[in-house]
Amino acid sequence: IFVDNKNIWHETYKAPILDEAGKLLGTVGFAQDISAKKRADEAILLRNAALAGLIRGEPLVGVFELIVLSVEAEHPDWQCAILLASEDGKHLTCAAAPRLPDEYAAAIDGMVAAEGSGSCGTAAALRRPVVVENVFEHPHWVSYRYLAELGGFTASWADPILGPKGELLGVFAVYSKTPSPPDDEDLALMTQASQLTGLVIDHQRSNRKLGKSLETFRGIFENVNEALVVLGKNKTFLDINKEAQRIAGYDRATMIGLHYADFGVPGLNDREAIDRAIEASFAGDPQTIEFWIKSSRGRIFPAEVRLYPGTYFGQQVAIASVFDITERKTMERELKLLARTDVLTGMSNRREFYDIAEKEIARHRRFDTPLSVMLLDIDHFKAVNDQFGHAAGDEVLRQLGMICKSVLRETDLAARVGGEEFAVLMPQTGVESAVEVAERLRSSLAYTSVKTADGIEVRFTVSIGVSQLDTREPTIDTLLQRCDKALYQAKSEGRNCVRWAAAAPENAPIRSS
């Protein structure tokens, strides 16, 4: 969504609410603001892309732009720039300013590194961060206010990019439309960006052929806060960074030279599909796959692996970025469970019952095995609610669900299909055996009770209708209708009893258990 000129991301989880007839009444769910996470994820991807660009030997201008964009991804209202210092440290040249006007970049080219020369020139001269909350009121900007109007900003902050010996390499600049100082997190992000840029510049200056310098590569490789792996053509590990070592639980020396499959979980990974994805990435086509990992501590977890083509000291490789997606998978499972479970009783809901019933009917037709269903209804449930309150009624429903789980067989499926109406699917069960199970369940419920908040004991009974599927019946609804007739007969004959109906003929009598 778009609020106050900003993109806001929400993550929403929903499940359907159905009435007793299965009609959709609405949905229930929850939502959370994940804007910060989305921006952070985008920033990580851009920093990883910068790393991949370095590994592939791409021009540093593109790498600098990715560093700038990674910062702007976390703060969409910022405009950033990287300025490089001349060899003598007296002038600044614009190296990357992807969201600033071209005219602005051209105007600051050759800026003097001197105190009073805007925020960047002053930061370069003083070798320390400079914060200007309002450029239109600050003396350092008297000669450069037209640049602020050109760039459309009011605040300007600059952090000098220093080499390992304190030499000036450049300046990382942040511009904001809002006249305000940076907070501690803003300063930390700006410093992190200038340090990363400084690392790139320093290595570039010390060795123009970055891809041939192991020391240079390791400095960049380990600076990324992401699990990264370099795979060779034989799909073995050529290199891994510290975060990848942390996730796997093995040190670098142990993992180098091993095949990726050595860290997978047999039976959970599709080796052929994964191999095809790795080969495609070697060919220049980035891929995203899921891979189940077993760590050194025995933890098994799912990971999303993004594969990118690259070069590593002259050889073609695949660069793998690994994300632990355990939390995402857990939320997906919970959502699926919520969509198929009755929240009050914890039993299957009407949707789940119908889905499984249709599968069991198909199995019945294929293998000619019996299939029975019981339909049960709580006797005088409205009176329970009226006399003891809905909290007591809810407790009765929950108690019924627990008794069903304890009495029914593992092969049976019990579901709440209406307010006080429940259905039980009994695969490979003839009507005689189904009636025996129904009678056992009815008897167990007749001897149970619940207590209200005031300590009052509430007893309840159920009436049950049972029938067996006929081969000629096309759907579960026909069988449920016959069970409903038997249930009605049980109600009319005094309740707290089991009645069953024969499959054929249509007007066959309802029988007692």
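Quick caveat, the model's predicted, so the values are computed rather than measured.

1. Focus on the packing of aromatic side chains
Link 1 in the chain: Here the structure, examined in full by the defined rule, presents 10 aromatic pairs.
Link 2 in the chain: Here Tyr104 and Phe153 contribute two aromatic rings whose centre-to-centre distance is 5.9 Å and whose plane-to-plane angle is 85°, an arrangement assigned as edge-to-face. Residue Tyr104 is found in helix 3 (residues 102-108), and its partner Phe153 is found in the loop between helix 5 (145-151) and strand 9 (155-162); the two are separated by 49 residues along the sequence. Both residues of the pair, Tyr104 and Phe153, belong to the buried class.
Link 3 in the chain: With a centroid separation of 5.5 Å and an interplanar angle of 80°, the aromatic rings of Tyr104 and Tyr175 are classed as edge-to-face. With a gap of 71 residues between them, Tyr104 in helix 3 and Tyr175 in strand 10 (residues 168-176) connect regions that are remote in the sequence. Taken individually, Tyr104 and Tyr175 each receive the classification buried, so the pair is uniform in this respect.
Link 4 in the chain: Taken together, Tyr104, Trp141, Tyr144, Phe153 and Tyr175 form an aromatic cluster joined through their ring pairs.

2. Describing the nonpolar core
Link 1 in the chain: Membership of the largest hydrophobic core comes to 33 residues, with the highest contact counts inside it found for Met374, Leu376, Ile378, Leu400, Leu441 and Val466.
Link 2 in the chain: The leading source of residues in this core is helix 15 (residues 431-446), at seven residues.
Link 3 in the chain: If we skip the residues at most four places from it in the chain, Leu441 touches Met374, Leu376, Ile403, Cys404, Val407 and Leu408.
Link 4 in the chain: Listed in part, the 27 residues of the second largest apolar core include Ala85, Cys94, Ala97 and Ala124.

3. Points about the pairing of strand 16 (residues 371-378)
Link 1 in the chain: Taken across its eight residues, strand 16 has eight buried, putting it largely inside the fold.
Link 2 in the chain: Looking at chain direction, strand 16 and strand 18 (residues 421-427) are connected through seven bridges and run antiparallel. When the sheet's bridge partners are listed, Leu376 is paired in strand 18 with Phe422.

4. Regarding the sheet that holds strand 11 (residues 227-231)
Link 1 in the chain: In spatial order, the strands read 12-11-15-14-13; together these five strands make up an open sheet with antiparallel pairing. Whereas interior strands pair on both sides, the edge strands pair on one side only; in this sheet they are strand 12 (237-240) and strand 13 (287-294). Within this sheet the neighbouring strands show an average axis-to-axis angle of 30°, counted without direction.
Link 2 in the chain: With 10 bridges joining them, strand 14 (residues 300-312) and strand 15 (residues 315-324) adopt antiparallel strand pairing. Looking at the pairing, Gly310 lines up with Val317 of strand 15.
Link 3 in the chain: Where helix 10 (residues 271-282) meets the sheet, its contacts fall on strand 11, strand 13, strand 14 and strand 15, and the angle it forms with strand 13 comes to roughly 135°.
Link 4 in the chain: On top of the sheet, helix 11 (residues 326-340) reaches strand 13, strand 14 and strand 15; it is set at about 135° to strand 14, its chief contact.

5. Considering unusual backbone geometry
Link 1 in the chain: For Arg127, which is not a glycine, the phi torsion comes out positive at approximately 60°.
Link 2 in the chain: Its location among the elements puts Arg127 in the loop between helix 4 (118-126) and strand 8 (130-132).
Link 3 in the chain: Judged by its relative accessible area of 38%, Arg127 falls in the partly exposed class.
Link 4 in the chain: Although it is not a glycine, Gln428 sits at a positive phi angle of roughly 50°.
Link 5 in the chain: Mapped onto the elements of the fold, Gln428 is located in the loop between strand 18 and helix 15.
Link 6 in the chain: With relative accessibility at 61%, the residue Gln428 sits in the exposed group.

About the cut-offs
- Per-chain numbering applies: the sequence of each chain, read as written, is numbered from 1 onward.
- Local features in this predicted model are restricted to residues of pLDDT 70 or higher, and side-chain atom pairs are both shown and tallied only at a pLDDT of 80 or more, whereas totals for entire chains, interfaces and linings draw on every residue.
- Each side-chain value is derived from all of the structure's non-hydrogen atoms; neither hydrogens nor water enter the calculation.
- Only centres within 6.5 Å qualify two rings of Phe, Tyr or Trp (six-membered ring in Trp) as a pair; their planes then separate them into stacked at under 30 degrees, edge-to-face at over 60, and tilted for everything else.
- Secondary structure elements follow DSSP: runs of H or I of four or more residues count as helices, runs of E of two or more count as strands, with numbering from the N terminus.
- We call a residue buried when its accessible area falls under 20% of the maximum for its residue type, exposed when it is over 50%, and partly exposed in between, using a 1.4 Å probe and counting protein chains only.
- Joining through side-chain atoms within 4.5 Å is the link that ties buried Ala, Val, Leu, Ile, Met, Phe, Trp, Tyr and Cys residues into a set, and such a set is a nonpolar core.
- In this analysis, two residues are considered to be in contact whenever any of their non-hydrogen atoms come within 4.5 Å of each other.
- Any two strands with at least two DSSP bridges between them are considered paired.
- Fitting a line to C-alpha atoms yields each axis, with helices limited to the stretch in contact; the angle taken between N-to-C directions then spans 0 to 180 degrees.

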